[in-house]
Amino acid sequence: MRLRLSAVTSAILVWLSVDAHEQFEEFEERLGYRFTDRTFLIRGLTHKSFAHEARNRGMSDNETYEFFGDSILGFVIGELLFRRFPGRDEGDLSKMKSFLVSSTNLAPKARELRMGEVLLLGVGEERSGGRKKDSLLANLFEAIVASVYLDGGLEPVARIVHERFRSDIEAIDENDLLFQDYKTALQEWAQGKGMPLPEYSVIEEIGPDHDKKFVVEVNVNNRVIARGTGSSKKEAQQQAAKEALVGAIAAGERQAGLA
């Protein structure tokens, strides 16, 4: 298979570094897909901060790829779930899919493929630790899905998604369909008990800006019932809600002092 490059892409590769070809080849090996036209790969890897700095070189960012990749990923995951759980209704399948394609689940997959190492970032975003941000990595995963689809069609995308998500789907417990939407579950529980809605408070922030951890407390009926920690406030809130459900509900209301 002969690698194709547009004139703009060839010029950009020369401008990036002499090692660019080698870095992209190593990434393709990790991904398990060799691009016929690496123009698609470079577009998928180009963050808007880099495109802005390189605007005089004809570069475009990957935001529309993120949008397209999200749709493709949702379709492939949806088919996998449809075939794996034929007896489940739309609501259950939607919860499964929402968890599987969430930033919380996609960011680790991007890290496994070391996508951050080949991401094209602007200077400011680089200094702020952009290569390690969950939201940025999750978006990058979606953009690369679009890149593969545009270069090779649905078959290689399906193969990559099957490989990367197989263990996640096999690990799904059909008897626990919260899939990390613990905040909603805790809210529904409180409402069912006639209690005020849970309230979340950030009580501590740990670490530097590029690798910060948040500690959140959840308060139900004027009582702090659990804490959670995460790399974002949302993740910490979900963990706090999960701990509240496990501790206050599963173990009994008396244990949490809510009876």
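Every value quoted in this text rests on a predicted model; they were computed, and no experiment measured them.

Peer 1: Can you walk me through empty space enclosed by the protein in this structure?
Peer 2: Rolled over the atoms, a probe with the dimensions of a water molecule shows which regions are left empty. Using the criterion set out here, one finds one cavity of 30 Å³ or more in the structure. Taken as a whole, the largest cavity encloses approximately 60 Å³ of empty space. If you go around the largest cavity, the residues you meet are L31, L113, M115, F141, I144, V145, V148, V157, I160 and V161. Of all the secondary-structure elements, those providing two or more residues to the lining of the largest cavity are α10 (134–152) and α11 (154–170).

Peer 1: I would appreciate a short explanation of the environment of F40 in the present structure.
Peer 2: Along the chain, F40 falls in helix α3 (residues 38–45). Overall, the relative accessible area of 23% leaves F40 in the partly exposed class. Between the alpha carbons of F40 and S147 there is a distance of 5.1 Å; along the sequence they are 107 residues apart. Residues contacting F40, with those up to four places away along its chain left out, are F35, Y65, S147, L150 and D151.

Peer 1: How should I be thinking about the side chain of E66 in this particular structure?
Peer 2: Turning to its location among the elements, E66 is positioned in helix α5 (residues 63–84). This buried residue, E66, is left without a salt bridge; K48 holds the nearest opposite charge, at 8.1 Å. Look past the residues within four positions of E66 in its chain and what remains in contact with it is N139, E142 and A143.

Peer 1: Looking at this structure, how should I read the nonpolar core?
Peer 2: As a rule of thumb, soluble globular proteins bury nonpolar side chains together. Core analysis: the largest hydrophobic core is formed by 48 residues, its most contacted members being L31, I77, L81, F141 and I144. Of all the secondary-structure elements, those providing two or more residues to this core are α2 (20–31), α3, α5, α6 (90–100), α7 (103–112), α8 (115–118), α10 and α11. Per-element accounting of this core gives the leading share, eight residues, to α10. Contact partners of L81, with chain neighbours within four places excluded, come to L93, M96, K97, L100, I169 and I172. In this structure, Y182, W189, F214 and V216 belong to the second largest nonpolar core, which totals 17 residues.

Peer 1: I tried to follow the packing of aromatic side chains on my own but got confused; where do I start?
Peer 2: Aromatic rings in a pair are described by how distant their centres are and how their planes are angled relative to each other. For the coordinates displayed, the defined rule picks out three aromatic pairs. Their ring planes at 80° and their centres at 5.0 Å tell us that Y33 and F35 sit as a pair that is edge-to-face. A relative accessible area of 10% places Y33 in the buried class. According to the relative accessible area criterion, F35 is buried, its value standing at 1%. Where F141 meets F165, the ring centres are 6.1 Å apart and the plane angle is 75°; that geometry is what we call edge-to-face. Pair noted here: F141 is in helix α10 and F165 is in helix α11, with a separation of 24 residues, a long-range link. Accessibility assignment for this pair places F141 and F165 in one class, buried. The residue whose ring lies beneath K109 is F165, and the NZ or CZ to ring-centre distance is 4.7 Å. Just above the ring of Y200 sits the side chain of K183; from NZ or CZ to the centre is 5.0 Å.

Peer 1: Even after reading the chapter, I still don't get unusual backbone geometry, so can you show me in this structure?
Peer 2: Of all residues except glycine, most have a negative phi; of all peptide bonds, most are trans. Unusually for a residue other than glycine, R114 sits at a positive phi of about 55°. Position of R114 among the secondary structure elements: in the loop between α7 and α8. With a relative accessible area of 39%, R114 lands in the partly exposed category. With a phi close to 55°, N221 is a non-glycine residue in the positive phi region. Among the secondary structure elements, N221 is positioned in the loop between β2 (213–220) and β3 (223–230).

Peer 1: Mind showing me how you'd approach the pattern of salt bridges here?
Peer 2: Applying the stated criterion to the full structure yields 14 salt bridges. The residue E125 makes a salt bridge to K133 at a minimum N-O spacing of 2.8 Å. Residue E125 is classed as buried on the basis of its relative accessible area of 18%. One salt-bridge network, held together by shared partners, links E28, R34 and R38.

Peer 1: Looking at this structure, how should I read the environment of N221?
Peer 2: Take N221: its relative accessible area is 36%, and that puts it in the partly exposed class. Distance from N221 to A190, taken between C-alpha atoms, is 8.6 Å for residues 31 residues apart in sequence. Ignoring anything within four residues of it in the chain, the contact list for N221 reads M195 and P196.

Rules used in this analysis
- Residues numbered from 1 in each chain as written.
- Predicted model: local features only at pLDDT ≥ 70, side-chain atom pairs only at ≥ 80, totals over all residues.
- Heavy atoms only, no water.
- 1 Å grid on protein atoms, 1.4 Å probe; cavity = no way out; pocket = protein on both sides within 12 Å on 5 of 7 lines; lining within 4 Å.
- Points joined across faces, edges and corners; volume = space filled by probe spheres on them.
- Helix = DSSP H or I, 4+ residues; strand = E, 2+ residues; numbered from the N terminus.
- Buried < 20%, exposed > 50% of the residue type's maximum accessible area, 1.4 Å probe, protein only.
- Contact = heavy atoms within 4.5 Å.
- Lys, Arg positive; Asp, Glu negative; His and termini not counted.
- Salt bridge = Lys/Arg side-chain N within 4 Å of Asp/Glu carboxyl O.
- Core = buried A, V, L, I, M, F, W, Y, C linked by side-chain atoms within 4.5 Å.
- Phe/Tyr/Trp six-rings, centres within 6.5 Å; stacked < 30°, edge-to-face > 60°.
- Lys NZ or Arg CZ within 6 Å of the ring centre and 35° of its normal.

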